[in-house]
Structure formats: structure tokens, C-alpha cells
Amino acid sequence: MRSSRDFLLGFITGVVAGILTAPKSGRESRQWIQDEADKRTKDLQDQWSKGVEQVKSQVDQVKSQVNQQVNQWTDKLQDKGGQNKDEFNNTVDNVADKAHSGVESAKQSIKTE
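These numbers were taken from a predicted model, which means no experiment stands behind them.

Moving on, we get to the overall build of the protein. When helices and strands are tallied, the protein shows 3 helices and 0 strands. Taken across its 113 residues, the protein has 4% of its residues classed as buried. Entry remark: accessible area of the protein is about 10300 Å², with carbon and sulfur atoms responsible for 57%.

Written out as C-alpha cells, the structure reads:
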């Protein structure tokens, strides 16, 4: 990691030294550096904006899929609850008990390690 950083620092230093000792006038060199920096900054901003839009789009897709799945589960649970409420409640209680015992088991395994 350090050698990469040292290489990059040396490279940048060499480029700057080369630009500053070039046969162009100081004003031309500074203008060229400014123009290049502006161009690179605009490119990075464009790439960043595209990336943000892609992430937002993917997040919206995931939200939509999750909401659709939750709605399906809710409908199934309501149907199941309406058909046999006691059986549904027992199933929910069993799942909750298993989840609780799993959490307790995980806590114990973490404490012993």
C-alpha cells in the first residue's frame, strides 16, 4: 500500500515539475492546468451523477419488490388467519418461540467464545 502511495506521489510530483518547467509561459501553464482540472472535475461530477441515479433506481426497484412481497405475505396471513385463527396464532407463537430460543442460543455462544 505504501509503495503505491509513494509511486503516485512521485508521479504527480514529476508531472507538476514537468509542466512548470515546460517551455510555455507561467500564465499559459497555469491556464492549461486550470482547464484540465475543470474538465476532469466536470467528468467526475457527470460520473457521480450517473452513479447516484443508478443507485436510486436500484433502491426504488428493491423497495417495490419488498413492498410487493410484504403485500403478498400479508394477504396470505390474513387469508390463513381468517380460515383458522387459532392455528394461525399457534404458528405465530411457535415461530416466535423458535426465534427467541435461537437468539438466546446465539447469545450464549457469543459469551462462551
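Once that is clear, we can look at the pattern of salt bridges. Scanning the entire structure with this criterion turns up 3 salt bridges. Linking arginine 40 and glutamate 36 is a salt bridge whose minimum nitrogen-to-oxygen distance equals 3.2 Å. With arginine 40 and glutamate 36 both in helix α2 (residues 26-83) and 4 residues apart, this pair spans about one turn of that helix. The class for arginine 40 is partly exposed, based on a relative accessible area of 47%. With a closest N to O distance of 3.4 Å, aspartate 46 and lysine 42 form a salt bridge. Of this pair, aspartate 46 and lysine 42 both sit in helix α2, 4 residues apart, which is roughly one turn of the helix. Accessibility expressed as a relative area gives 35% for aspartate 46, which makes it partly exposed. Connected through salt bridges with shared partners, the residues Glu36, Lys39 and Arg40 form a single ionic network.

Counting across every chain of the model gives 1 aromatic pair. Consider the rings of phenylalanine 7 and phenylalanine 11, whose centres lie 6.4 Å apart with planes at 20°: the pair is stacked. In this pair, phenylalanine 7 and phenylalanine 11 both sit in helix α1 (residues 2-20), 4 residues apart, roughly one turn of the helix. Judged by relative accessible area, which is 62%, phenylalanine 7 ranks as exposed.

This next bit is on a nonpolar patch on the surface. A surface patch of nonpolar side chains, amounting to about 880 Å² of accessible area, comprises Phe7, Leu8, Phe11, Ile12, Val15, Val16, Leu20, Trp32 and Ile33. Counting residues per element, the ones that place at least two in the nonpolar patch are α1 and α2. When residues in the nonpolar patch are grouped by element, the largest group, 7 residues, is from α1. Residue isoleucine 12 is classed as partly exposed on the basis of its relative accessible area, which comes to 45%.

The subject of this paragraph is the confidence of the model for the protein. With 81% of its residues at a pLDDT of 70 or more, the protein has an overall mean of 77. By mean pLDDT, helix α3 (residues 85-112) is the weakest element of the protein at 69, and α2 is the strongest at 82.

Rules and cut-offs
- Residues numbered from 1 in each chain as written.
- Predicted model: local features only at pLDDT ≥ 70, side-chain atom pairs only at ≥ 80, totals over all residues.
- Heavy atoms only, no water.
- Helix = DSSP H or I, 4+ residues; strand = E, 2+ residues; numbered from the N terminus.
- Buried < 20%, exposed > 50% of the residue type's maximum accessible area, 1.4 Å probe, protein only.
- Areas by Shrake-Rupley, 256 points an atom, 1.4 Å probe, with all protein chains shown as cover.
- Salt bridge = Lys/Arg side-chain N within 4 Å of Asp/Glu carboxyl O.
- Phe/Tyr/Trp six-rings, centres within 6.5 Å; stacked < 30°, edge-to-face > 60°.
- Patch = residues over 30% accessible without salt bridge, like charges linked within 9 Å, V, L, I, M, F, W, Y side chains within 5 Å.
- pLDDT = per-residue confidence, 0-100.

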